[in-house]
Amino acid sequence: MRVVAQRVSAARVEVDGRVSGSIGAGLLLLAGFEAADNDADLDWMAAKLARLRIFADAAGVMNRSVVDADGEVLAVSQFTLFASTRKGNRPSWSRAAPPELAQPLFERFVRRLEKTLGRAVPTGVFGAEMRVHLINDGPVTISIDSRQPE
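All residue numbers refer to position in the chain's written sequence, counted from 1. In keeping with the predicted nature of the model, local features appear solely for residues at pLDDT of at least 70, side-chain atom pairs appear and are counted solely at 80 or more, and the whole-chain, interface and lining totals rest on all residues. Hydrogens are left out, water is left out, and the side-chain values use all remaining heavy atoms of the structure.

1. Details of the overall build of the protein
Where we set the bar: Helical segments are the DSSP runs of H or I of at least four residues, strand segments are the runs of E of at least two, and each set is numbered from the N terminus. Here the globule rule is a power law, 2.2 Å times the number of residues to the power 0.38, and the radius of gyration is based on C-alpha atoms. Only protein chains enter the area calculation, which uses a 1.4 Å probe; residues under 20% of their type maximum are buried, those over 50% are exposed, and those in between are partly exposed. Any pair of residues with heavy atoms lying within 4.5 Å of one another is described as a contacting pair.
The helix and strand tally for the protein stands at two helices and seven strands. Listed N to C, the secondary structure of the protein is β-β-β-α-β-β-β-α-β in terms of helices and strands. Whereas a compact globule of 150 residues would reach a radius of gyration of roughly 15 Å, the protein reaches 15 Å, a difference of no more than 12%. Looking at the protein residue by residue over its 150 residues, the buried ones come to 39%. Taking contacts inside the protein between residues at least 6 apart in sequence as the whole, the part at least 24 apart equals 73%.

Below is the structure:
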C-alpha cells in the first residue's frame, strides 16, 4: 500500500461536476493498493497517518498529528501510485491491485481511518474520473509505503 499524504488548508474532490468529498485544514490522502496488501498494511498505514507529526505546534515546529491539530482527512483512491516506468515511456500498472481487490481494500482502509481518527473520512468515488482541488499547506507532501516502513 502506498499513500501520498499532503498537508492542506482545504481540499475537495469532484466527480461529474459534483463535490463528493471536501475538508478544511488537514490531510489529503492519495491511496494506492497492490494485490498483496492485507489488513496488516491497512492497520499500519491508518495508525501511521493518524500519528504523523506534520502539523505545527505553538512554537511553529512540526510536532502535532492530524488528531492533535483537530484536522480533517480526505481519502482518494489512486492506482497510478504503483506506476512502473522501467521500460519505455508508457507506465505499466501491473503492480496495482485490480479494481475487484482494490475497492474493498480502499473501503476497509477508510473505515480503519475513521475508527482511528474518531471522525468521518470523506472520499472520492472509486474508479471515477475525479478532479482533486487542494491548497497545499507548507507545502508538506510525504510518500509512505507499507512495504518499506522507514
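2. Section: the nonpolar core
This is how it is decided: Take the buried Ala, Val, Leu, Ile, Met, Phe, Trp, Tyr and Cys residues and link them wherever side-chain atoms come within 4.5 Å; each set so joined is a nonpolar core.
Residues Met1, Val3, Leu29, Phe33, Leu49 and Phe109 are the most contacted members of the largest nonpolar core, which totals 29 residues. Breaking this core down by element, the ones donating at least two residues are strand 1 (2-15), strand 3 (26-32), helix 1 (39-51), strand 6 (72-77), helix 2 (99-117) and strand 7 (130-145). Examining the composition of this core, we find that seven residues originate from one element, helix 2, more than from any other. Judged by nonpolar contacts, the second largest core, of 12 residues, contains Val4, Leu74, Val76 and Leu81.

3. Some thoughts on the environment of Trp93
Secondary-structure assignment places Trp93 in the loop between strand 6 and helix 2. Distance in space between the C-alpha atoms of Trp93 and Asn63 is 36 Å, their sequence separation being 30 residues. Setting aside anything within four residues of it in sequence, one finds Trp93 in contact with Phe79, Thr80 and Ala83.

4. A word on the pattern of salt bridges
Where we set the bar: The salt bridge definition used is simple: a Lys or Arg side-chain nitrogen within 4 Å of an Asp or Glu carboxyl oxygen.
Applying the stated criterion across every chain, the model contains 11 salt bridges. Among the salt bridges present, the one from Arg12 reaches Glu14, with a minimum N-O distance of 2.9 Å. The class of Arg12 is partly exposed, set by a relative accessible area of 34%. Taking the relative accessible area as the measure of exposure, Glu14 reaches 17% and is therefore buried. With its nearest N and O atoms 2.8 Å apart, the salt bridge here joins Arg119 to Asp70. Of this pair, Arg119 sits in the loop between helix 2 and strand 7 while Asp70 sits in the loop between strand 5 (62-64) and strand 6, and the two are 49 residues apart along the sequence. Residue Asp70 is classed as exposed on the basis of its relative accessible area, which comes to 57%. When salt bridges that share partners are traced, they join Asp39, Asp43, Arg108 and Arg112 into one network.

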